[in-house]
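# Architecture at a glance
The primary structure of each chain is shown beneath.
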Amino acid sequence: VKARTFDGANWSALADTTFLVNSQAAAAGNLAITEIMYHAADPNPAEVAAGFNDSGDFEYIELTNLSTTLSADLANVRFLQGIGFDFDTALTGRLVPPGGRVLLVRNIAAFQFRYGAGLPVAGEFSGSLDNIGERLQLVNASGAVINDFIFADIEPWPAQPDGLGYSLVLRRPGLDPSVPQNWRASVTANPGTT
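Residue numbers here run from 1 along each chain, matching the order of that chain's written sequence. Local features in this predicted model are restricted to residues of pLDDT 70 or higher, and side-chain atom pairs are both shown and tallied only at a pLDDT of 80 or more, whereas totals for entire chains, interfaces and linings draw on every residue. With hydrogens and water excluded, all non-hydrogen atoms of the structure serve as input to the side-chain values.

## With respect to the pattern of salt bridges
Any Lys or Arg side-chain nitrogen found within 4 Å of a carboxyl oxygen on Asp or Glu counts as a salt bridge. This model, assessed by the stated rule, comprises five salt bridges. For arginine 106, the salt bridge goes to aspartate 54, with nearest N and O atoms at 3.7 Å. Residue arginine 106 is found in the loop between β11 (101-105) and α2 (108-115), and its partner aspartate 54 is found in the loop between α1 (45-49) and β7 (60-65); the two are separated by 52 residues along the sequence. The salt bridge involving aspartate 148 is made with arginine 135; its shortest N-O contact spans 2.7 Å. Linking aspartate 148 in strand β14 (residues 145-152) with arginine 135 in strand β13 (residues 133-139), this pair joins segments that are 13 residues apart in sequence. Where helices and strands are cited, they refer to DSSP runs of H or I of at least four residues and of E of at least two residues respectively, numbered from the N terminus.

As structure tokens, then:
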């Protein structure tokens, strides 16, 4: 809302305030990184023929709104470590519905070629995910940490996500992502199916 007041012959300075309706600002309690495809399987012949010859083109990260009643507002939510992405430019918009998921991908065309269209892709991130693991740090509009942890490709982290076509999946949204035992390999090699 933008408003001014009028007093006699004078207008006040413009006041600007944001109200969230049926939503809440993204925070550690309501948004989580829940899936990481950091070392995708090598491209198959059809993918190479289509011009996707780098396995890194198939990387993605999934975020989940943990609330069952309110949308998560991703205004000014951004990654500070690992990859680069600012949700103010999200193709899916700033709101993630209750229980909803959103994907960040390295290459939209490659992602859709391998996994199909119609998935909630917010956009392409800058940089790439390290095949041996790295630190991911996601912060909200005020700079407060939503997620900050290091994942790896060695025990006790699951081995299947390391180049075999499976992703890392948080066993249950809300678990501490810095604990390797809270992650497992995806059941299938398709995003959003865990």
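From this point, things continue past the structure.
## Side note on the pairing of β11
Burial classification: accessible surface area is computed with a 1.4 Å probe over protein chains only, and a residue below 20% of its type maximum counts as buried, one above 50% as exposed, and the rest as partly exposed. Burial runs high along β11: four of the five residues are buried. Sheet analysis places β7 next to β11, joined by five bridges and oriented antiparallel. Looking at the pairing, glutamate 62 lines up with leucine 103 of β11. We call two strands paired when DSSP finds no fewer than two bridges between them. Pairing between β11 and strand β12 (residues 121-124): three bridges, direction parallel. Following the sheet pairing, valine 105 is matched in β12 by glutamate 124. With respect to chirality, the unit in which β11 leads through α2 into the neighbouring parallel β12 is right-handed. When the strands point away from the viewer, a crossover counts as right-handed if the route from the first strand across the helix to the second turns clockwise.

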